[in-house]
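Here is how the chains run, residue by residue.
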Amino acid sequence: MALACIILAAGAGTRMKSDLPKPLHEVAGVPMIDHVLRTVEQMDAERCVVVLGAGSERMQQALAGRAETCEQPRQLGTGHACICAKPALTDFSGDVLVTYADVPLITADTLQALVDRHRQEKAAATVLTTEVEDPTGYGRIVRDASGAVAEIVEDADATDQQRSIREINTGIIVFDSEALSEALSELSPDNEQGELYLTDAIGILVARGRRASALKTADPCEVMGINNRVQLAEAERIARDRIREQVMLNGVTLIDPPSTFIDAGVQIGRDTIIGPGCHLLGATTVGERCEIRGHVILRSATIGEEVLLRDHTVIEESAVGDGAQIGPFSLVRGNSSVGAKCKVGSSAEINRSRIAAGTKMQHFSYMGDATVGEGVNIGAGAITCNYDGIDKHPTTIERGAFIGSDTILIAPVTVGESAYTAAGSVISKDVPPGALAIERTGQRTIDDWAERMRRRREREQH
Ligand code: UD1
Ligand code: CA
């Protein structure tokens, strides 16, 4: 049996009080719509249609062609949203899974279990339900005397007695495609909110003698709908816990799990150890057997194997090769790369630069727009002056060069292979391979200066 998915994402999300469309609010560093798409992608679905409305331009940008879309020009309810998706699925026959962009924690296992139940029971529609302590705001599952699903009643339309029902509609429903079409054509806006409710489809099908079934999931957290920022924060907490648990089960040590933030989609190799207060964000990957000490921030960083990142190091949109060591308190950013077995020490900054393997840069240096060859030694405090106030200029340091401490490299400039620059030199001209460049005034030494100075002060005081 074929499967199609409709993801409803057109609602204005008024309760978020935001200029950003609700599905683009992030949970664990990833927009809610991405969570839902990633989950749906794990299903064996032939088609997937996302219904857009409020903020649809921004939504289209964010989706970047990853799913088919259709427009719901005015948000007239979840049933109306499905009517808008129908033209995209005219040639489709099979099961249609309807899910929401604001239910980010749903898992593929649960969706699959719902589809399986629907098929076993040969139902016209099967609702994913759960029981919650406080059902306020949710549609309630009304069952008949035999326990079969009879209808869903929205909170706003429920009688007091129905309001006391704690089994709620998660919003996720599988329909037989023909049954869905039939029911959609009978929806009416005759309710408190004047909307076409998808939930009414259940009562309509049952009234026609079709069978509605339900799967009750045990974990209400998984199906929580995000309508405001309090719920967003709650989903964030649950998502982060899940990610940490998964990472640990995959063989990564988290010294202090609650203080470790790992975005959805981050990959970490086994036997890597992560200290307290670290953030691994965006499209970050970390290899095996790395040691990441306290308070390291990785933002879309690619870290090789057996890398040591000392405390408070920040790597942004940059790569670090196998066996390299960086930090403490160093910053690598701007699409830089630090080669294998490099040693970058404390308070260094590397920006838009490529540092080849085995180079050392141990103490408070700055490399900007630089290409540094293999086995270079960059002395303490050496920096590139890559910016003249208007333009940025490149610096090239060829393999095996030795940059003396406190060298100032005024770009554009090249230091040739195995060349030396003397400590304290301001280098503004290219240095040929193998040469020494020294740029210093000669040292003047004045004997007995301290004693003479002391005597002068004494005279002045009397
Ligand atoms: C909905 C269900 C409710 C269920 C709850 C679960 C209906 C009528 N109610 O209520 O039974 O318990 O979800 O979280 O279905 N959307 C559109 N177009 C619209 C309206 C909504 O695409 O015209 C989308 C929204 O973007 C959102 C989803 O549908 O992703 C749910 O809409 P929302 O307004 O949040 O419904 P709830 O009131 O939470
Ligand atoms: Ca909702």
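Residues numbered from 1 in each chain as written. Chains lettered and ligands numbered in written order. Predicted model: local features only at pLDDT ≥ 70, side-chain atom pairs only at ≥ 80, totals over all residues. Heavy atoms only, no water.

S.K.: So what's going on with the environment of V296? Which residues, and what values?
M.R.: Inspection of the secondary structure assignment puts V296 in the loop between β18 (291–292) and β19 (297–299). Overall, the relative accessible area of 0% leaves V296 in the buried class. When the C-alpha positions of V296 and C5 are compared, they lie 40 Å apart, and in sequence the two are 291 residues distant. (Helix = DSSP H or I, 4+ residues; strand = E, 2+ residues; numbered from the N terminus. Buried < 20%, exposed > 50% of the residue type's maximum accessible area, 1.4 Å probe, protein only.)

S.K.: Now, about the coordination of the calcium ion (ligand 2): what can you tell me, with residues and values included?
M.R.: Here the calcium ion (ligand 2) is held by D102 (OD) and N227 (OD1), and the distances to it run 2.5 Å. Of this pair, D102 sits in the loop between β6 (95–100) and α4 (108–120) while N227 sits in the loop between β11 (212–217) and α8 (229–249), and the two are 125 residues apart along the sequence. (Donors = N, O, S within 2.8 Å, 3.2 Å for Na, K, Ca; no water.)

S.K.: Could you give me a rundown of the domain arrangement of the protein chain, with the residues and numbers involved?
M.R.: Accessible area lost when the parts come together is the quantity often used to give the size of an interface. Taken as a whole, the protein chain is organised into domain 1 (3–223) and domain 2 (243–437). Between the C-alpha centres of domain 1 and domain 2 the distance comes to 47 Å. Contacts between the two partners involve 5 residues from domain 1, matched on the other side by 4 residues from domain 2. Summed over both sides, the interface between domain 1 and domain 2 buries roughly 270 Å², with carbon and sulfur atoms accounting for 58% of that surface. Summed over the three residues of domain 1 that lose the most area to domain 2, namely A28, G29 and R38, the buried surface amounts to 81% of that side. At the boundary of domain 1 and domain 2, one finds 0 salt bridges. (Domains from an automatic or database assignment. Contact = heavy atoms within 4.5 Å. Buried area = accessible area lost by both parts, 1.4 Å probe. Salt bridge = Lys/Arg side-chain N within 4 Å of Asp/Glu carboxyl O.)

S.K.: Tell me about the packing of aromatic side chains, residues and numbers included.
M.R.: Here the structure, examined in full by the defined rule, presents 1 aromatic pair. When the centroid spacing of 5.2 Å and the interplanar angle of 25° are considered together, the rings of F402 and Y420 count as stacked. Taken together, the residues span a long stretch of sequence, with F402 in strand β36 (residues 402–403) and Y420 in strand β39 (residues 420–421) at a distance of 18 residues. F402 gets classed as partly exposed once you look at its relative accessible area, which sits at 34%. A relative accessible area of 45% means that Y420 is categorised as partly exposed. In this structure, K392 is placed above the aromatic ring of Y387, and the distance from its NZ or CZ to the ring centre is 5.2 Å. (Phe/Tyr/Trp six-rings, centres within 6.5 Å; stacked < 30°, edge-to-face > 60°. Lys NZ or Arg CZ within 6 Å of the ring centre and 35° of its normal.)

S.K.: So, the nonpolar core: which residues are in play, and what are the values?
M.R.: Judged by nonpolar contacts, the single largest core of 66 residues is most densely connected at I7, I33, V50, L97, F175 and I202. Looking at which element gives the most residues to this core, the answer is strand β1 (residues 3–9), with 7 residues. Residues within four places of V50 in sequence aside, it is in contact with I7, A9, I33, L37, L63, A67, E68, T69 and C70. Membership of the second largest hydrophobic core comes to 60 residues, among which are A28, M224, A301 and V307. (Core = buried A, V, L, I, M, F, W, Y, C linked by side-chain atoms within 4.5 Å.)

S.K.: Which residues make up the site of ligand 1, and what values go with them?
M.R.: Surrounding ligand 1, one finds 23 residues, the nearest of these being G11, Q72, T78, E154 and N169. Measuring from an oxygen atom of ligand 1, one finds a backbone N or O atom of G139 at 2.9 Å. With respect to ligand 1, the side chain of N227 contributes an N or O atom lying 3.4 Å from an oxygen atom. Summarising the interface, the protein chains cover 90% of the accessible area of ligand 1, which totals 750 Å² for the free molecule. The site holding ligand 1 turns out to be the largest pocket. At the level of secondary structure, the elements contributing two or more residues to the shell around ligand 1 comprise β1, α3 (78–85) and β10 (167–176). When the residues that make up the shell around ligand 1 are grouped by side-chain class, the tally is 9 nonpolar, 10 polar and 4 charged. (Near = heavy atom within 4 Å. Polar contact = N/O pair within 3.5 Å; in protein donor to acceptor, adjacent residues only side chain to side chain. Areas by Shrake-Rupley, 256 points an atom, 1.4 Å probe, with all protein chains shown as cover. 1 Å grid on protein atoms, 1.4 Å probe; cavity = no way out; pocket = protein on both sides within 12 Å on 5 of 7 lines; lining within 4 Å. Sits in = over half its atoms within 2 Å of the grid points. Nonpolar A, V, L, I, M, F, W, Y, C, P; charged D, E, K, R; others polar.)

S.K.: I'd like a description of the pattern of salt bridges, backed by residues and values.
M.R.: Considering all chains together, one arrives at 30 salt bridges under this definition. One salt bridge connects E131 with K216, and the closest N-O pair in it is separated by 2.6 Å. Taken as a pair, E131 in strand β7 (residues 125–131) and K216 in strand β11 lie far apart in primary sequence, 85 residues in all. Overall, the relative accessible area of 36% leaves E131 in the partly exposed class. Here R299 makes a salt bridge to E316, at a shortest N to O gap of 2.8 Å. Here the residue R299 occupies a position in strand β19, and E316 occupies one in strand β22 (residues 314–316), the gap between them amounting to 17 residues. Look at E316 and you get partly exposed, because its relative accessible area is 22%.

S.K.: Residue-level account of the layout of surface pockets, with values.
M.R.: Within this model, the largest pocket holds a volume of roughly 1,100 Å³. Residue lining of the largest pocket: 37 residues in total, with R15, K22, T78, D102 and N227 positioned closest to the centre. Where the lining of the largest pocket is concerned, the elements lending two or more residues are β1, α3 and β10. Sort the elements by how many residues they give to the lining of the largest pocket and β10 lands first, with 3 residues. Among the residues forming the lining of the largest pocket, the class breakdown is 12 nonpolar, 19 polar and 6 charged. Estimates place the volume of the second largest pocket at around 760 Å³. Looking at the second largest pocket, it is lined by 22 residues, and the ones nearest its centre are R242, I243, Q246, A264 and G265. Listed by contribution, the elements that provide at least two residues to the lining of the second largest pocket are α1 (32–41), α8 and β14 (267–268). (Points joined across faces, edges and corners; volume = space filled by probe spheres on them.)

S.K.: Would you mind going over the pairing of β11 in detail, with residue names and values included?
M.R.: Within a regular beta strand, the side chains point alternately toward one face of the sheet and then the other, so they alternate between its two faces. Of all 6 residues that make up β11, 5 are buried, and the element is covered over most of its length. Two elements, β7 and β11, share 6 bridges in a ladder whose sense is parallel. Residue T129 lies in a different strand from β11, and its bridge partner there is K216. (Pairing = 2+ DSSP bridges.)

S.K.: Please give an account of unusual backbone geometry that cites residues and values.
M.R.: With omega at 5°, the peptide bond leading from G327 into P328 counts as cis. Omega for the bond connecting A411 with P412 falls within 30 degrees of zero, at 0°, which places this linkage in the cis form. Within the secondary structure layout, P412 lies in the loop between β37 (408–410) and β38 (413–415). In the Ramachandran plot, A28 falls in the positive-phi region, its phi being about 50° despite a non-glycine side chain. Position of A28 among the secondary structure elements: in the loop between β2 (26–27) and β3 (30–31). The phi torsion at H295 lies on the positive side, around 60°, for a residue other than glycine. Note on placement: H295 falls in the loop between β18 and β19.

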